[in-house]
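# Residue-level structural notes
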Amino acid sequence: MVSKLSVRVAGLHLEHPVMNASGILGATPEHIERLASYGFSAIVTKTITPQPREGNPPPIIVEIPNIGLLNAVGLANPGKNIVPKLVEVSKRLGKPIVISVGGSTPSEFLEVASIAEEAGADAIELNLSCPHAKGYGIEIGSDPYQSYEVVKTVANSVKIPTIAKLGLCDRIVEVASKVLEAGAKGLTLINTVRAMVIDVMTARPVLSNVFGGLSGPAIHPIAVRVVYEVYRELRPEIIGCGGVVDWVTAAELILAGARAVQVGTALMWKENIVYDVLIGLRRLIEHFGVRSIEDLVGYSHRV
Amino acid sequence: MLANGIYLAKLRLVEPFESYPSPAQFVMVWVPGVKEMPMSISHYSCDGELTIVFRVRGVGTQKLASIGIGSVLGIRGPLGKGIAIRPEWKRVAILAGGIGIAPTPLLVSALTVHGCETHLFWGAKTRSELFDLDKIFVDKPDRIEISTDDGSYGFRGTVLELFKSVANVHSYDAVIAIGPNPMLRAVCEDMELKRIDPMVVMETIVKCGRGICGSCYIRGSTKLLCIDGPAFRCSEVMHHLRSLD
């Protein structure tokens, strides 16, 4: 019997809806093993670019009490050759693996995506939304036509599902529409939101990169809104991401239209968050008297 | 300045730490506009005075060594797990290599509070890297032995050689080694033969300090230095230490 919590999203069959968000560990086989130990139903790697990237020098994070986390890691990663090793360890642990792919041109995205497919990854997530690496991420993803080109180039060439991870921008519905048209099987909504922190005693921006991406509780209502709006307009398969810190925040994204959720920042405070979310979601299924969590996807649009 | 290239700094925290730091816990020290670096906590007093001891290595530590009294720095911490002192420890050996001396004052104080006898073995490359330990210890170790690689002061040889020549490892309830990775590896390999699993306090590149970026992962293990360490058992990090060549 299929469990009440199992979900299908963008061609992935997951035992439950909680995955990790890209950017949390996920760059070495050891990282993958640690993520698996947290209980996620699928592992999403750190964004992999064709060539290794050092990332930004510290300070790369600032914790903001009660608000969340500002980071500017800067897409640090060991480059495309790590991909087969990441896939191998995930397979050994019996977890589906999604390779997060970064690039500055469509062909760079394809370069990594092709290796991911060859290595046996279950899906790829295109990072069209990192807000703190020049020439990458949101600089491409806030433009519907550039986003279209990247997704089309990849989706036309690889057979495993292509998921587009989009970030907050004014034309989010338009970008979402274009990437779906280009062949994306699903959307991850949203990435961190570009933000900054100034140290008042020295008047200096704290991050070496000046700007970073804000995650955690502060961006959760934004994520809920984006998921709700994109679901209402386009009815795509969505993975919700942004400020999931407990079962309530996870449930909101699902009710807004997400089939699965991703957790990142909350791991800093609560390493057993996955179980906390799953116990709550099971109760919510009973509360609404539905058969499974899939019945609650986008439920807010039907009440 | 304590010795050639080695400095002590006393920092006044705007807000005291929420909890008293455990031995081997560390802070991220931000030199505004220059760099943020991991540093051991050498001593901490409850009114918010933090002492760090560091060696100048790069631009960040250079700047830190040159800034004047009254300068503003950023401090994040205490980070990491720290060493949990076991009640059955009656006598502990601490092997410090070079700047590995930095976290030992907090460790000796904590052990002393627990009624534990502490023997410190400190090794440096040469005499100019040594300094008067009274300048950093609040509670003094019960025994201090010193070595230099070149024999310019004290025992000639490494701190491990010193330890083996003047002490009997079996007379200690615990051995804690702090220093550069090659030294820790040598200690672990030597003790492995004696079926002892010492504790090692490791140093590495720490970037986020919160288990997010993964820069400080321990090879061949699921552990992260910044949140599970920096103190580990040799058995947990042997693969890592051996893979660093």
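Being a predicted model, the structure only gives us computed values, none of them experimental.

### Notes on helix α6 (residues 234–242) of chain B
Buried residues of α6(B): Cys234(B), Val237(B), Met238(B), His240(B) and Leu241(B), and no others. Each element contacted by the buried residues of α6(B) is listed here: α4 (181–193), β12 (199–201) and β13 (231–233) of chain B.

### Focus on the interface of chain B and chain A
With 25 residues of chain B in contact, the opposing surface of chain A contributes 26 residues. In terms of surface lost to chain A, no three residues of chain B exceed Trp30(B), Arg210(B) and Ile212(B), which account for 32% of the buried area on that side. Run the count over chain B and chain A and you get two salt bridges. For the salt bridge of Arg34(A) with Asp228(B), the shortest nitrogen-to-oxygen distance reads 2.5 Å. Connecting chain B to chain A are eight residue pairs in polar contact (both at pLDDT 80 or more). Put simply, the parts of the chain that give the side of chain B that touches chain A at least two residues each are β3 (35–40) and α5 (225–228) of chain B.

### Considering the sheet that holds strand β6 (residues 74–79) of chain B
All names here are of chain B. As summarised here, the arrangement of the three strands in space is β3-β2-β6, forming an open sheet in which the pairing is antiparallel. Each of the sheet's edge strands pairs with one partner strand only, and the pair in question is β3 and β6. Going from strand to strand, the sheet's axes swing by 20 degrees on average, the running direction of each strand aside. Where strand β2 (residues 26–31) and β6 come together, four bridges link them in antiparallel fashion. When the bridges of β6 are listed, Val29 appears paired with Ile75.

### Notes on the packing of helix α3 (residues 106–119) of chain A against helix α5 (residues 144–157) of chain A
Residues and elements named next belong to chain A. At a closest axis distance of 9 Å, the pairing of α3 and α5 adopts a crossing angle of 30 degrees. Classified by the interaxial angle, the pair formed by α3 and α5 is roughly parallel. Crossing of α3 over α5 shows right-handed handedness. Where α3 abuts α5, its residues Pro106, Phe109, Leu110, Ala113 and Glu117 lie against Glu149, Val150, Thr153, Val154 and Ser157.

### Structural notes on the pairing of strand β10 (residues 186–189) of chain A
When a strand is regular, its side chains alternate between the sheet's two faces. All names here are of chain A. In β10, alternate side chains face the same way, and those of Gly186 and Thr188 on one face and Leu187 and Leu189 on the other are all buried. Both strand β9 (residues 162–166) and β10 contribute to a ladder of four bridges, which runs parallel. Within β10, the residue paired with Leu166 across the bridge is Leu189. A crossover links β9 with its parallel partner β10, the connecting element being helix α6 (residues 172–181), and its sense is right-handed. Here β10 runs beside strand β15 (residues 238–241); their pairing, made up of three bridges, is parallel. Paired with Leu189 across the bridge in β15 is Gly240.

### Let's talk about unusual backbone geometry
Of note, the bond from Pro58(A) into Pro59(A) is cis; its omega dihedral lies within 30 degrees of zero at 5 degrees. Residue placement: Pro59(A) occurs in the loop between β4 (43–44) and β5 (61–64). In this structure, Pro230(B) follows Gly229(B) across a cis peptide bond, with omega equal to 10 degrees. Topologically, Pro230(B) is positioned in the loop between α5 and β13. Residue Leu25(A) is not a glycine yet carries a positive backbone phi of 50 degrees. Examined against the element boundaries, Leu25(A) turns out to sit in the loop between β3 (18–20) and α1 (29–37). Residue Leu25(A) is classed as buried on the basis of its relative accessible area, which comes to 0%. Backbone geometry at Arg195(B) places phi at a positive 55 degrees, although glycine is not the residue there. Structurally, the position occupied by Arg195(B) is in the loop between α4 and β12.

### Structural notes on the pattern of salt bridges
Residue and element names in this part refer to chain B. Tallying each qualifying case throughout the model produces 31 salt bridges over all chains. Across the pair Lys164 and Asp190 runs a salt bridge whose closest N-O atoms are separated by 2.7 Å. Here Asp190 lies in helix α4 and Lys164 lies in helix α3 (residues 159–166), a separation of 26 residues in the sequence. Given a relative accessible area of 11%, Asp190 falls into the buried group.

### Topic: the domain arrangement of chain B
Residue and element names in this part refer to chain B. As far as domains go, chain B holds domain 1 (6–79) and domain 2 (91–242). The distance between the C-alpha centroids of domain 1 and domain 2 comes to 20 Å. Each side of the interface is counted separately: domain 1 has 22 residues, and domain 2 has 24 residues. Counting each side, the surface lost to burial between domain 1 and domain 2 is near 1,800 Å², with a carbon and sulfur contribution of 68%.

Cut-offs applied
- Residues take numbers from 1 onward in each chain, read along the sequence in its written order.
- Each chain takes a letter, starting from A, and each ligand takes a number, starting from 1, following the order in which they are written.
- Per-residue local features of the predicted model are confined to residues with pLDDT of at least 70, and side-chain atom pairs are confined, for both listing and counting, to 80 or more; whole-chain, interface and lining totals are unaffected and use all residues.
- To get the side-chain values, all heavy atoms of the structure are used, and hydrogens and water are removed first.
- Burial classification: accessible surface area is computed with a 1.4 Å probe over protein chains only, and a residue below 20% of its type maximum counts as buried, one above 50% as exposed, and the rest as partly exposed.
- Where helices and strands are cited, they refer to DSSP runs of H or I of at least four residues and of E of at least two residues respectively, numbered from the N terminus.
- We call two residues contacting when some pair of their heavy atoms lies within 4.5 Å.
- Note: buried area is the sum, over both parts, of the accessible area (probe 1.4 Å) each one loses when the two are combined.
- Here a salt bridge means any side-chain nitrogen of Lys or Arg lying within 4 Å of a carboxyl oxygen belonging to Asp or Glu.
- Any pair of nitrogen or oxygen atoms within 3.5 Å is treated as a polar contact; in protein, a donor-acceptor pairing is required on top of that, and neighbouring residues in sequence qualify only through side-chain atoms on both sides.
- Only strands joined by at least two bridges in the DSSP assignment are considered to pair.
- For helices, the axis comes from a line fit to the C-alpha atoms of the stretch in contact; other axes are also lines fit to C-alpha atoms, and the angle between any two N-to-C directions lies between 0 and 180 degrees.
- These descriptions rest on fixed angle ranges, namely under 35 degrees for roughly parallel, over 145 for roughly antiparallel, 65 to 115 for roughly perpendicular, and the rest for oblique.
- For any pair of crossing helices, the crossing counts as left-handed if the nearer helix is rotated counterclockwise from the farther one by less than a right angle, and right-handed if it is rotated clockwise.
- We call a crossover right-handed when, viewed with the strands running away from us, the connection from the first strand over the helix to the second turns clockwise.
- All domain edges in this entry derive from an automatic or database-based domain assignment.

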